[in-house]
Amino acid sequence: MFSYCADPDTLGTFRWFSCYLTNGVHMQFYLSFIKVLALLAITAPVALAFGFAGAMSARSHIPPVSWLGKGYIAIVRGVPDIAFFLFFVIALDQAFEWTRHQILCPDWTDPIRQGNDFLVCAQAKLPLGTSPEWVHETYGFFLAVITFAIVFGAFAANVLFGGMRAVPHAQLETAEAYGMTRRQTFWRILVPQMWVYALPGLSNLWMVLIKATPLLFLLGVEDIVYWARELGGTKTSKFTAYPHGDWRMWYFLFLLVFYLAFTRVSEIALERLMQKLSHGQATTGGEAQRKEAVA
């Protein structure tokens with residue numbers, strides 16, 4: 001990073017740390033924070049979409065659709081997250097490769113499964129062996145988004161399903177009495193009010209999602225926990241030019257501060273969103289706002 005970093009052994013304490021904290025490996029550590037934030041920014045709306053679809057299916061009047069929605073909620077919520085992450089990612093990756101194998105290598109005669117090995121033709125591998133490193137990282141990130149979205153989508157579906165049931169039924173009956181169709185009642189009456197009841201549960205789910213990001217290492221993604229462990233340890237190939245003692249405590253302390261600060265910012269943002277959604281609603285929060293305005 002700096003011109004004087006050519007020979008770290010000749011540097012004083014300040015210059016040594018300035019070189020240590022700005023070299024290429026540390027830049028990967030800083031980039032991993034952006035990777036985690038990008039995961040949250042993409043996964044949250046995708047998981048919410050999965051959850052909304054699951055909640056709509058669960059409350060459907062068509063039995064097979066309702067069974068599908070309730071089954072999705074029950075199965076995913078009933079499986080430990082770490083077990084789901086370890087199993088589903090492998091299954092999803094093999095499903096992609098098996099599909100590509102059937103299309104690209106129709107003349108393949110050897111069995112795909114040979115004991116514990118899953119062997120497909122070279123053209124069907126994902127990513128290809130000749131692909132650059134960024135393609136492998138993007139593919140791993142894509143699998144992470146899908147896995148996180150499915151897992152947390154099931155929890156979101158349960159929260160949204162409860163929020164839909166919490167909306168007073170009398171309001172839905174009134175809407176129908178005024179001539180609204182079932183579709184109009186759902187989108188104009190039920191959904192706008194559902195968020196007020198669902199937001200506390202979704203807020204907790206967002207906090208859990210933030211705390212679950214270290215599970216990225218199970219998916220082969222080099223996240224902030226991976227780099228903190230690698231950079232803080234004494235025996236690592238990452239820092240042959242910058243030997244140091246066991247500094248993992250300081251790296252993980254930095255991660256502690258990061259997660260606490262991020263959750264605090266999230267709490268403030270969610271509290272303001274709750275106040276906005278409660279405005280004019282016949283809820284405890286909405287009534288409190290009305291009394292404050294009158295006073």
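In this text the structure is predicted, and so the values were computed from the model without any measurement.

Reading the values: the criteria
- Residues numbered from 1 in each chain as written.
- Predicted model: local features only at pLDDT ≥ 70, side-chain atom pairs only at ≥ 80, totals over all residues.
- Heavy atoms only, no water.
- Helix = DSSP H or I, 4+ residues; strand = E, 2+ residues; numbered from the N terminus.
- Contact = heavy atoms within 4.5 Å.
- Axes fitted to C-alpha atoms, helices over the stretch in contact; angles between N-to-C directions.
- Parallel < 35°, antiparallel > 145°, perpendicular 65-115°, else oblique.
- Left-handed = near helix turned anticlockwise from the far one by under 90°.
- Nonpolar A, V, L, I, M, F, W, Y, C, P; charged D, E, K, R; others polar.
- Expected span 1.5 Å × (residues − 1).
- Buried < 20%, exposed > 50% of the residue type's maximum accessible area, 1.4 Å probe, protein only.
- Arc of directions from axis to C-beta.

**Considering the side chain of T43**
Reasoning step 1: The topology assignment puts T43 in helix α2 (residues 24–58).
Reasoning step 2: The residues touching T43, leaving out its near neighbours within four places in the chain, are V145, F148, A149 and L209.

**A closer look at the packing of α2 against helix α5 (residues 133–166)**
Reasoning step 1: Where α2 contacts α5, the two axes come as close as 5 Å, and the packing angle between them is 45°. With respect to each other, α2 and α5 are oriented oblique. Between α2 and α5 the crossing geometry is right-handed.
Reasoning step 2: For the contact of α2 with α5, the per-class residue count stands at 23 nonpolar, four polar and one charged.

**Quick word on helix α3 (residues 63–78)**
Reasoning step 1: For α3, spanning 16 residues, the distance from its first C-alpha to its last is 22 Å, which sits close to the expected 22 Å at 1.5 Å a residue.
Reasoning step 2: For α3, the full list of buried residues reads S66, G69, I73 and V76. Angular distribution of buried residues about the axis of α3 spans 130°; they occupy a single face of the element. In α3, the exposed residues that point more than 90 degrees away from the buried face are P64, W67, L68, I75 and G78.

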